[in-house]
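What follows is each chain in one-letter form.
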Number of protein chains: 2
Amino acid sequence: MTKTKLRLLIVMMLIGTVTIKAQKIIHDAEQEILLEQYGVQWAKQDQDIDKKLKALEKKFGKKPNIVHIMWDDNSFGEVGIEAFNKIRGFDTPRLNKMGEDGITFTRMYTEPSCTPTRAAALTGRLAVRSGMHTVSFPPEGAGLPAEEVTIAEILSEAGYNTGFVGKGHQGDIEEAHLQNQGFDEATFSMYNQFPPAMWHHQGQAAGMSIGYEKDMYEKKYLVDQTWRPYGYIMDITAKKGGKARETLPPTLENYRKTIEIHQELALDYINRKADDDKPFYLAYWPNVYDLMRVGQETTTSNSTAFAQNMDRLDRHVGEILDLLKEKGIAENTLVIAMADNGPMVEVPAAMYQVVFNGGKGDYREGGIRVAAFAEWPGVIEPGTYVGDIITVHDLFTTFARLGGAMDKIPTDRIIDGVDQTATFLYGDAQSRRDYYHIYTGPYHAATIKQQYKRVWIGGRPGLVKNDFYDLYQDPREMRGMMAQFLWAWGPFDMVKKRHDLMNKKYPFTPTRHGIPFEGIENLRPESIQFQETVKKTMNTGK
Amino acid sequence: MTKTKLRLLIVMMLIGTVTIKAQKIIHDAEQEILLEQYGVQWAKQDQDIDKKLKALEKKFGKKPNIVHIMWDDNSFGEVGIEAFNKIRGFDTPRLNKMGEDGITFTRMYTEPSCTPTRAAALTGRLAVRSGMHTVSFPPEGAGLPAEEVTIAEILSEAGYNTGFVGKGHQGDIEEAHLQNQGFDEATFSMYNQFPPAMWHHQGQAAGMSIGYEKDMYEKKYLVDQTWRPYGYIMDITAKKGGKARETLPPTLENYRKTIEIHQELALDYINRKADDDKPFYLAYWPNVYDLMRVGQETTTSNSTAFAQNMDRLDRHVGEILDLLKEKGIAENTLVIAMADNGPMVEVPAAMYQVVFNGGKGDYREGGIRVAAFAEWPGVIEPGTYVGDIITVHDLFTTFARLGGAMDKIPTDRIIDGVDQTATFLYGDAQSRRDYYHIYTGPYHAATIKQQYKRVWIGGRPGLVKNDFYDLYQDPREMRGMMAQFLWAWGPFDMVKKRHDLMNKKYPFTPTRHGIPFEGIENLRPESIQFQETVKKTMNTGK
């Protein structure tokens, strides 16, 4: 312990609000640097925050409810900003109003794709730490390890009701099921929504489908009859610790139904829990994309299926916000609405990058800087724009703080999420982080510190690569520079070095493998066949 | 006259508000197509507009004042939208508020560079029609022809005071001087602000200056001692029809002073005319860019000179709006604040393209789609977003309408500007145009119709070029398409054909040439020397 830290600890103990236990959360090295500089100031601010939260709890008789809405693949600016509605030719009045009534984040960072971002939100850790660094596709035979401690587990332990509806995308092994990861009740998908329920149909429209069931193959030149995936399970439902059941088999019609059913389930959850003695945490991560125009009316100038999807999403978010008000619990509920990563920019006439460059999977801003809004009437100042760096991992720690569950956060591993309660209570320029390490898959791709970004991968050795960006001067990362950033070379090297040293001390958990579809009671024959195929795959070569 | 037109004319005459004279403005062919479809509807709406304008005139005792603020080279989104303030790291609270209190335009099109846009604003015509299609640089020996009828002339004739302050950029021949183009008083530059007052200094900083006066050259390898420009005149001032005088010689210090002096002049003009019996039209087109950081404090997160420029611009616009309120004339004054074209994207760490692609000089959206705002308390609905196509040419016709001067618009030439008064009075989806022909220099580069854009230049013959864009689905023009737009081939061909036919009937005026610096009384010796050099240039080969 350095002298500064010791002094800080003594100050904190004297102030008396920060317990030694809370102090023991292990953050990444960079956070320790900030704590040295701001520890005392933050501890003081935390006193004020605690007072405010206590006053709220007194007023409402319980801790605040938390609704975390997170959807797929949406670029910053695509929704929630009226100027961009006009540019893109569709309207998102409810998300625009959410920003007007609450916070519009301009620098909310996620991981670059669905599985990692969702794992990060659940665990508060860089997805690479839990082995969840890569988008899962069926067959997967992998998923979120049981030892990971999710925000649902933490809030459950602290006395919350916990519900999950929508796209989980945490893999197809039983331990990864969300009812086994802390949720009281969960209706969710194990994969993304594309294959095969929607994508095979949409692929069919594009002349590239395999059909979505085994018998739909034309087989005369196939040799391996097991390779193409089928028996896909789109949506399952379960109660905490119990077995799951498939809801609807994966057809395009059912996929479309599921979008609406999930919305109803989310609304129903709020209805049921609104007057409960316990507060609730609802993760509603809706399926959004239906990129076929067949049978869809056009209500937008843009006229694409994508625009219709945004139109529906906006309406759905609006219904959630309306219901919270209707039930009289809006003022005790923090709602976050955000995308999980940037758009799949290679889907022409569908997803689109409106401001930054890059898209889903990319370490450039377009992959990781997303539309994000927060509303909490009476607590969040209306019309706040937050230009701070906030990451999806921070929601974990912030939700824990709001739920009075900081002492439930495990202290045997690195927690990347930083408590950002101050941002929600006080607005702009309150972030407790100024850095973000971006991983694409298992690779450390780039690091952001303040307004600067350095790219670690793809560079050639020596001094020939322009790996540095100033994100204020060049938010679209069009002009990598080197000479202008000679000053930043050493400081960035230091940031990486201390991050790497922490990673060595607390190694990443390898991706957890297992047998898919275990723990589902009503497996269809083709799903069992699929499972058998995967088992063979996994046994071969062992 | 077609039957429809005849019927329309009769309807208009019956309605009694649209005189046959006003009917005779010659618009481009495309507008006639719209008039066939909307003539009756617009004539009815015009009745209501006339009533509203008359009521305003009665209330304030005169026609509305018009302040047109237009600055250089600024991308859409760069100013006036808070989300983008956060992304770019500087604030424009006054322009943001202008949008909140009035209109934010999301599809205001200009010409692709300074001289053409300014000529278009003055004449209501595509700059190519007046020979003003290309940015002028010293030595120029050219400028806006005397026969062009400017909005200043029209409003003067209709009883307005007319004033000009800032960057005119209409060339260096006497007939182009703004006091000879309808302005009662004008303090202005004949060129842009870069050479040599500012640019030579900034070039010097970048190691590429020639010095800005003759004696600063190192001459040992020069043969032609006259080629490099010097004797540059930065700023002149004059009264209507009179001779001009140079204000301050072009040094960086004086350039910086001039920015502030112009602001004072604009404020002074409003102060002097606020209580005048006549309404006023003030074109304040400020110099903005000072891209040297030397001696400038940083008050932005962005920290570049560019950001400081935006900070100052925003403050200056705010002062204008404040003064109008202070003088009690805000409710009888339409203020437009806008950029003249996209940014010079090749000036690293300075100007920047934040949303679209392309920049100054470019027919892509980044060249021509600019930040634009309007305020008129009591008339314009606060917080209006206008997604319609509006062009800088339309301001000419709209200002004439507001000034009761439609009958002063010449009827012997094509007027591209469309009366958009309805947009200011009723807001979104009221535009009377859905097309725009974009010229880069003398070339017809592209045409926009509704959400579609077709590029005319650069294509290869046949079916191999993807020259079509859907600007809702692809606002950044990243994916030109062809097959998807086979339907649009013919309709676009028709639009071009009728435009070309109109151009044949009303040919473009060739660029007007002459001797530079005539009409300036206090020419410095080096300016006379410069003039002599140019005279030689112009005589050689004749």
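Residues numbered from 1 in each chain as written. Chains lettered and ligands numbered in written order. Predicted model: local features only at pLDDT ≥ 70, side-chain atom pairs only at ≥ 80, totals over all residues. Heavy atoms only, no water.

In the annotation of an unreviewed UniProt entry, chain A is listed under the name Arylsulfatase and assigned to Lutibacter agarilyticus. According to the UniProt record, the Sequence similarities (unreviewed entry) comment for chain A is "Belongs to the sulfatase family." (UniProt positions renumbered as here; feature names shortened; annotations may be inferred.)

Asker: Just to check I follow, could you spell out the sheet that holds strand β13 (residues 435–440) of chain B for this structure?
Answerer: Backbone hydrogen bonds are what pair the strands of a sheet, in a parallel or an antiparallel way. Residue and element names in this part refer to chain B. A sheet is described by the order of its strands in space; here four strands give the open sequence β13-β14-β15-β16, paired in antiparallel fashion. Every other strand in the sheet has two partners, leaving β13 and β16 (468–470) as the edge strands with one partner each. Within the sheet, the average angular offset between the axes of one strand and its neighbour, ignoring direction, is 20°. Pairing between strand β14 (residues 443–449) and strand β15 (residues 452–455): four bridges, direction antiparallel. By the bridge assignment, T447 is partnered in β15 with R454. (Pairing = 2+ DSSP bridges. Helix = DSSP H or I, 4+ residues; strand = E, 2+ residues; numbered from the N terminus. Axes fitted to C-alpha atoms, helices over the stretch in contact; angles between N-to-C directions.)

Asker: Honestly, the pattern of salt bridges in this entry has me stumped. Any pointers?
Answerer: Pairing between side chains becomes possible if they bear opposite charge and their charged atoms approach one another. Residue and element names in this part refer to chain A. Under the criterion given, the structure shown has 83 salt bridges over all chains. For D50, the salt bridge is made with R401, and the minimal N-O distance between the two is 3.2 Å. You can see D50 sitting in helix α3 (residues 29–60) and its partner R401 sitting in helix α12 (residues 392–402), a full 351 residues away along the chain. Note that E78 is salt-bridged to R88, the shortest N-O span being 2.6 Å. Of this pair, E78 sits in the loop between β1 (65–71) and α4 (82–88) while R88 is found in helix α4, placing the two residues 10 residues apart along the sequence. Here the two residues E78 and R88 agree in accessibility, since each one is buried. Each of D46, D50, R401, D419 and R432 takes part in one network of salt bridges that share partners. (Salt bridge = Lys/Arg side-chain N within 4 Å of Asp/Glu carboxyl O. Buried < 20%, exposed > 50% of the residue type's maximum accessible area, 1.4 Å probe, protein only.)

Asker: Honestly, the interface of chain A and chain B in this entry has me stumped. Any pointers?
Answerer: For an interface, size is often stated in terms of accessible area lost upon the parts coming together. Of the residues lining the interface, 40 residues belong to chain A; the matching set on chain B comes to 40 residues. Roughly 3,300 Å² is buried in total at the junction of chain A and chain B, and carbon and sulfur atoms are behind 56% of that figure. The partner of K86(A) in a salt bridge is D428(B), and the shortest N-O contact between them spans 2.5 Å. Between the two partners, chain A and chain B, sit 24 residue pairs in polar contact (both at pLDDT 80 or more). Top contributing element to the side of chain A that touches chain B by residue count: α4(A), with six residues. For the side of chain A that touches chain B, the residue count by class is 20 nonpolar, 11 polar and nine charged. (Contact = heavy atoms within 4.5 Å. Buried area = accessible area lost by both parts, 1.4 Å probe. Polar contact = N/O pair within 3.5 Å; in protein donor to acceptor, adjacent residues only side chain to side chain. Nonpolar A, V, L, I, M, F, W, Y, C, P; charged D, E, K, R; others polar.)

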